[in-house]
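Summary of structural features
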Amino acid sequence: MVPPEAPATEAARLLEAAERELLVASVEQSRADWVYATYITPDTEELSSSALDRLLGVTVRYARQASRLSPASVDPIVARKAKLLPLILPLAPPADTARAQELTRLVTSMQGTYAKARYTPRDRTEALDLQGLSKIMLESRDPELLQDVWVGWHAVGRSIRPDFERYVLLANEGARELGFADNGALWRSRYDMAPEAFSREVDRLWDQVRPLYDALHSYVRHRLRAIYGDAVPADGPIPAHLLGNMWAQSWEGIFPLVAPKPGPSPYDLTKLLVERGTTPEAMVRYAEGFFVSLGLDPLPPSFWERSMLVRPRDREVVCHASAWDLDFANDVRIKMCIEITGEDFRTIHHELGHNYYQRAYGHQPFLFRDSAHDGFHEAVGDTVALSVTPGYLRRIGLLTGPVEDDELGFLLERALEKIAFLPFGLLIDKWRWEVFAGQVPPAEYNPRWWALRAQYQGIAPPTPRDAAEFDAGAKFHVPSNVPYVRYFLAHILQFQFHRALLRASGYDGPLHRGSIYGSKEAGRRLGALLAMGASREWPEALEAISGERRMDATGLLEYFAPLRAWLEAQNRAASHGG
Ligand code: X8Z
Ligand code: ZN
């Protein structure tokens, strides 16, 4: 008979070896990918792809071995590591080497195609990148120009489409070989519950917030109709190019068009930052200062030496903001093409949230160096950014002099950012889950995309879209193989965290006025969550920060309660002929 300790020892040894090799392969892959993302050339593309091949190869080899361990006999820590092992795969490579290499090259190259895309709007002579085009989407009120820019950018989807179709096939193949139903099921298995239970969980959260979204949508539609006339239907989807953002994912860009009071917002953060001549580095210093005020350590000197904060003039880069952890210890960095705007000010907090999480779980064993689930990773920096209130801006000297209180304006702007986002955060993966499951064949990609956009967001394309287009491909995370429902979860969780941290700091007032700035007690709570990494199932991590074990949108609803009452009154008045 086998002695009872034997399986446990074997399992522990296997996981130990896996963690050692994974660390080496991950560091190598991160460095290669950093060089690629900050200097796109055919060579760096190949270096990044082959480093990814090696990392995926190591992961799959150990995942297969771990799946043969007998679960009953291993201790809980080893069992958790064995469970997480296949789930850390960003992508499951097929066993066939040629097909595995084809898959990694497809993903790297789709990302490059997206990053290099340009369009020359009809009133310009030079081709603009996504940032230039997004600025027009934000600032222009000319529907024809907006439509031109929208259509021009979305052409990138069409060029990504053939690669995407092949990627779906190969990624599914790899996922199935590992025992998952398809690649979408692999993604949905990362939440310490069955994939089907997770889908239901997401729907439950959406049901909680949907009435608030509907109220915002009706209000915005009514106000836009007053500006654009019949181009905006009285009772139907809003055209996607009129919402101030390339994907209509957040609508704060149209705040001036829908503001409760006419005139400039007293808290226009972009204006405050520009007026002071704030530099990109100073923007990051403000965000770092917030984390430090909570009792967390300042960023290491290497962060400042190695991060990419602005778009380099002379080479192609991936401008989409991201946070990196190069050595899984202390070499954290961000990569952003910072512009001096309120939106980027908040995004920098978002990115530093990732870096502070990475540092805090750096002492954990390799397989636990991750967030409780990916929604937690996305929620940390946003939670801190919720504390960027007018009161906070005053404390750090960005807002000075007497300003008129505009509570509704502040809340409406936050809702245009956060509430408008919710259905978008949900539908990208609703669409991809169906695609990976084979329920949506390539011929249906675009029709189904727009059916979901109508159903969840209540928006429509500016012009009828051909089934040959691939509009989902015009959003970064689709060609880049980054799951998206994490952002939906983060938009719920950040309000749950915000409420819990405010209460921990001793603040008892309305949630939208509260800031945890300077609260060491809030910092301790947050720090405890971050340090746990992925060592426990996420309900335990949620309990550590909030005392609650379920994700729950009541924090969000409480935050926006005064706005909701106002929106509903506005909508009632409008429907009575207002
Ligand atoms: O991709 C991001 C971050 C990097 S993790 C900048 N976000 C989503 C997006 O831009 O679409 C943050 C909010 C949603
Ligand atoms: Zn993020």
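These notes cover the structure that comes with them.

Further remarks concern the overall build of the chain. A count of helices and strands for the chain gives 22 helices and 4 strands. Relative to the compact-globule value of 25 Å for 578 residues, the chain shows a C-alpha radius of gyration of 24 Å, a close match. By principal-axis analysis of the C-alpha atoms, the chain measures approximately 80 × 55 × 45 Å. Of all 578 residues assigned to the chain, the portion counted as buried reaches 60%. Long-range pairs, those at least 24 residues apart, make up 77% of the contacts in the chain with a sequence separation of at least 6. If you sum the accessible surface of the chain, you get close to 22,200 Å²; carbon and sulfur atoms cover 53% of it.

The next subject is the pairing of strand 3 (residues 332–335). Residues Val332 and Ile334 line one face of strand 3 and the alternating positions Arg333 and Lys335 line the opposite face, and both faces are buried. By the bridge criterion, 4 bridges tie strand 2 (residues 322–325) to strand 3 in an arrangement that is antiparallel. Residue Ser322 lies in a different strand from strand 3, and its bridge partner there is Lys335. Counting the residues between successive antiparallel strands, the hairpin from strand 2 to strand 3 contains 6 residues, one of them, Phe328, with a positive phi of roughly 55 degrees.

Each packed pair of helices is defined by two parameters, the angle between the axes and the distance between the axes. Following both chains from N to C, one finds helix 13 (residues 342–360) and helix 14 (residues 374–385) inclined at 130 degrees, their axes separated by 7 Å at the closest point. The orientation of helix 13 with respect to helix 14, classified from their angle, is oblique. As for how helix 13 packs across helix 14, the hand of that crossing is right-handed. Every residue of helix 14 that contacts helix 13 at Arg346, His349, His350, Gly353, His354, Tyr357 and Gln358 is listed here: Phe376, His377, Glu378, Val380, Gly381, Asp382, Val384 and Ala385. The class makeup of the residues in the contact of helix 13 with helix 14 is 5 nonpolar, 7 polar and 3 charged.

Structurally, Glu252 is set in the loop between strand 1 (238–239) and helix 9 (255–258). Linking Glu252 and Glu201, residues 51 residues apart in sequence, is a C-alpha distance of 28 Å. Excluding residues that lie within four positions of it along the chain, Glu252 makes contacts with Glu343, Glu413, Leu416 and Glu417.

So, about helix 5 (residues 130–139). Every buried residue belonging to helix 5 is among Leu130, Leu133, Ile136 and Met137, and all of these are buried. Down the axis of helix 5, the sector holding all buried residues measures 125 degrees, keeping them to one side. Check the buried side of helix 5 and you find it contacts helix 4 (97–116) and helix 6 (143–177). Put simply, Asp129 is the residue that caps the front of helix 5, since its side-chain oxygen is 3.0 Å from the backbone nitrogen of Gln131.

Analysis parameters
Residues numbered from 1 in each chain as written. Chains lettered and ligands numbered in written order. Predicted model: local features only at pLDDT ≥ 70, side-chain atom pairs only at ≥ 80, totals over all residues. Heavy atoms only, no water. Helix = DSSP H or I, 4+ residues; strand = E, 2+ residues; numbered from the N terminus. Rg over C-alpha atoms; globule rule 2.2 N^0.38 Å. Buried < 20%, exposed > 50% of the residue type's maximum accessible area, 1.4 Å probe, protein only. Contact = heavy atoms within 4.5 Å. Areas by Shrake-Rupley, 256 points an atom, 1.4 Å probe, with all protein chains shown as cover. Pairing = 2+ DSSP bridges. Axes fitted to C-alpha atoms, helices over the stretch in contact; angles between N-to-C directions. Parallel < 35°, antiparallel > 145°, perpendicular 65-115°, else oblique. Left-handed = near helix turned anticlockwise from the far one by under 90°. Nonpolar A, V, L, I, M, F, W, Y, C, P; charged D, E, K, R; others polar. Arc of directions from axis to C-beta. Polar contact = N/O pair within 3.5 Å; in protein donor to acceptor, adjacent residues only side chain to side chain.

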